[in-house]
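Close look at the chain arrangement
For reference, the chains in residue letters:
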Amino acid sequence: MMTKVVVVEITPTDAERAQERLAQESLTQAVVSLCEQGFVVVNDVVAHDHLNFLRERMEEDLKQLREVPEVPHNFVWGNIQQDPPPLPQYVFRDVVANPFVCQITREALGPNAFNSSLSGNTNVPGSGLQPVHVDLGQLWPSLPFAHPASHLVVNLALDDTTADNGAIELWPGTHLDTRRVIGEDLRLTEKEVEERRRRVPPVLGMTRRGAFLIRDMRLWHRGRPNTTGCTRFMIAMVHKVGWFRRTSHGDLDQRCAPVFEGCPIENEIPLVEHPSDHIGRNHRYEYDGPN
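Let us look at the structure shown here. (Residues numbered from 1 in each chain as written. Predicted model: local features only at pLDDT ≥ 70, side-chain atom pairs only at ≥ 80, totals over all residues. Heavy atoms only, no water.)

**Brief notes about the pairing of strand 6 (residues 151-157)**
The buried count for strand 6 comes to seven of seven residues, which makes it a mostly enclosed element. Judged by which residues are buried, strand 6 turns out to be covered on both faces: His151, Val153, Asn155 and Ala157 on one side and Leu152, Val154 and Leu156 on the other are all buried. Pairing between strand 6 and strand 11 (residues 232-240): seven bridges, direction antiparallel. When the sheet's bridge partners are listed, Val153 is paired in strand 11 with Val238. Alignment of strand 6 against strand 9 (residues 212-216), held across five bridges, turns out to be antiparallel. Looking at strand 9, one finds that Asn155 is bridged to Leu213. (Buried < 20%, exposed > 50% of the residue type's maximum accessible area, 1.4 Å probe, protein only. Helix = DSSP H or I, 4+ residues; strand = E, 2+ residues; numbered from the N terminus. Pairing = 2+ DSSP bridges.)

**Brief notes about the packing of aromatic side chains**
The geometry of two aromatic rings is summed up by the distance between their centres and the angle between their planes. With the rule as written, the count across this model stands at six aromatic pairs. Ring geometry for Phe75 versus Tyr285: centroids 5.3 Å apart, planes at 85 degrees, classification edge-to-face. Here Phe75, found in the loop between helix 3 (48-65) and strand 3 (79-81), pairs with Tyr285, found in the segment after strand 14 (271-272); they are 210 residues apart in sequence, far enough to count as distant. Relative accessible area serves as the criterion here: at 12%, Phe75 is assigned to the buried category. Judged by relative accessible area, Tyr285 falls into the partly exposed class, the value being 35%. Taken together, the aromatic side chains of Phe53, Tyr90 and Phe92 make up a single cluster linked through ring pairs. (Phe/Tyr/Trp six-rings, centres within 6.5 Å; stacked < 30°, edge-to-face > 60°.)

**A word on the nonpolar core**
If you look at the biggest cluster of nonpolar residues, it comprises 56 residues, and the most contacted ones within it are Val95, Val96, Ile104, Phe212, Ile214 and Ile235. Of all the elements in the fold, those that place two or more residues in this core are helix 2 (24-36), strand 2 (39-42), helix 3, helix 4 (93-96), helix 5 (99-109), strand 6, strand 9 and strand 11. When neighbours within four sequence positions are excluded, Val96 is seen to be in contact with Val91, Asn115, Leu118, Met237, Val259 and Phe260. Of all hydrophobic cores here, the second largest spans eight residues; its members include Val41, Ala211, Leu213 and Leu219. (Core = buried A, V, L, I, M, F, W, Y, C linked by side-chain atoms within 4.5 Å. Contact = heavy atoms within 4.5 Å.)

**Some details on the pairing of strand 5 (residues 119-123)**
Counting buried positions along strand 5 yields four of five residues, so the element is predominantly enclosed. Across three bridges, strand 3 lies against strand 5 in antiparallel orientation. Paired with Ile80 across the strands is Thr122, a residue of strand 5. With five bridges joining them, strand 5 and strand 11 adopt antiparallel strand pairing. Residue pairing across strands places Gly120 opposite Ile235, the latter belonging to strand 11.

**Side note on the side chain of Asn226**
Considering the arrangement of structural elements, one finds Asn226 in the loop between strand 10 (221-222) and strand 11. Using a relative accessible area of 1% as the deciding quantity, one classes Asn226 as buried. Within polar-contact distance, the side chain of Asn226 engages the backbone oxygen of Cys230 at 2.8 Å. (Polar contact = N/O pair within 3.5 Å; in protein donor to acceptor, adjacent residues only side chain to side chain.)

**Some details on the sheet that holds strand 7 (residues 169-170)**
Strands sit in the order 8-7-10 across an open sheet of three strands; the sheet is antiparallel. Edge positions in the sheet fall to strand 8 (203-204) and strand 10, since each of these pairs with one other strand and no more. The pairing of strand 7 with strand 10 spans two bridges and is classified as antiparallel. Of the residues in strand 10, the one forming a bridge with Leu170 is His221.

**Looking at helix 6 (residues 190-199)**
Those residues of helix 6 lying buried are Glu192, Val193 and Arg196. Buried residues in helix 6, looked at end-on, bunch into an arc of 95 degrees, giving them a common side. The outward face of helix 6, more than 90 degrees from its buried face, is lined by the exposed residues Glu190, Lys191 and Arg198. (Arc of directions from axis to C-beta.)

**Some details on the pattern of salt bridges**
Following the criterion strictly, the structure yields 23 salt bridges and no others. Taking the shortest distance from any N to any O, the salt bridge between Asp61 and Arg57 comes out at 2.9 Å. One end of the pair is Asp61 and the other is Arg57, both in helix 3 and four residues apart, which spans about a single turn. Assessed through its relative accessible area of 2%, Asp61 is described here as buried. Judged by relative accessible area, which is 22%, Arg57 ranks as partly exposed. The salt bridge partner of Arg197 is Glu194, with a shortest N-O separation of 3.4 Å. Taken together, the positions of Arg197 and Glu194, both in helix 6 and three residues apart, correspond to about one turn of that helix. Three or more residues joined by partner-sharing salt bridges are found here, namely Arg55, Glu59, Asp159 and Arg209. (Salt bridge = Lys/Arg side-chain N within 4 Å of Asp/Glu carboxyl O.)

As structure tokens, this is what we get:
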């Protein structure tokens, strides 16, 4: 029997916005969805002028990124890893330290949870269809059941995401599949995919502007083609359980420090006087086609 899943969406009330904190009922609903389905959406929590400002700069950066010797495509042409600028005028509190998102991830991951990266996935017109894959397998082999979440991916698209511009394909409940272990091939076989499709088909993570998609890093997913004429930009962060090793991706201008004050989770991204080149620091992954 096929099971159809509805994407759980949390929209803060006026009272919750005033306190910058979800009520217990909403918080529980979000964490239960992460535990059971592997993902949850948090609506309308980022100012649109921040999204506009980021998009304008990332469009300019993308022109430079597409001129580097090896564009960092992931699996297929057109799904490009692109970091947002690490400068204080582009690093907004409601993006990198959103109080509602961080409240949810801290509740799911526990005390001392931290953010280790600020990157992004850019889907350009004419992109290909990625293979179904996980970003991380289970941490321990031969488990009879899945361990609690240790890594959560926090995605923020700068525009509405739709079936046409490459909304991410999500496979509900697959973060609980213990067959994929860290260090193994991240891709699922066609047999595994079709067997799962017959029982629980995928859904599209279609979100509107200002919404976050939080997903377990073990969840089966893939980037879909962008058939429109407009690039779809998406910010990506990784929130990790407090006891995991403290590695990080990239760095930020030290003047960004104030945006993290009072955040429910810790920031592990180095704050430095002179940030590294955010355009040229990424590398292609499992792709050897044309630039």
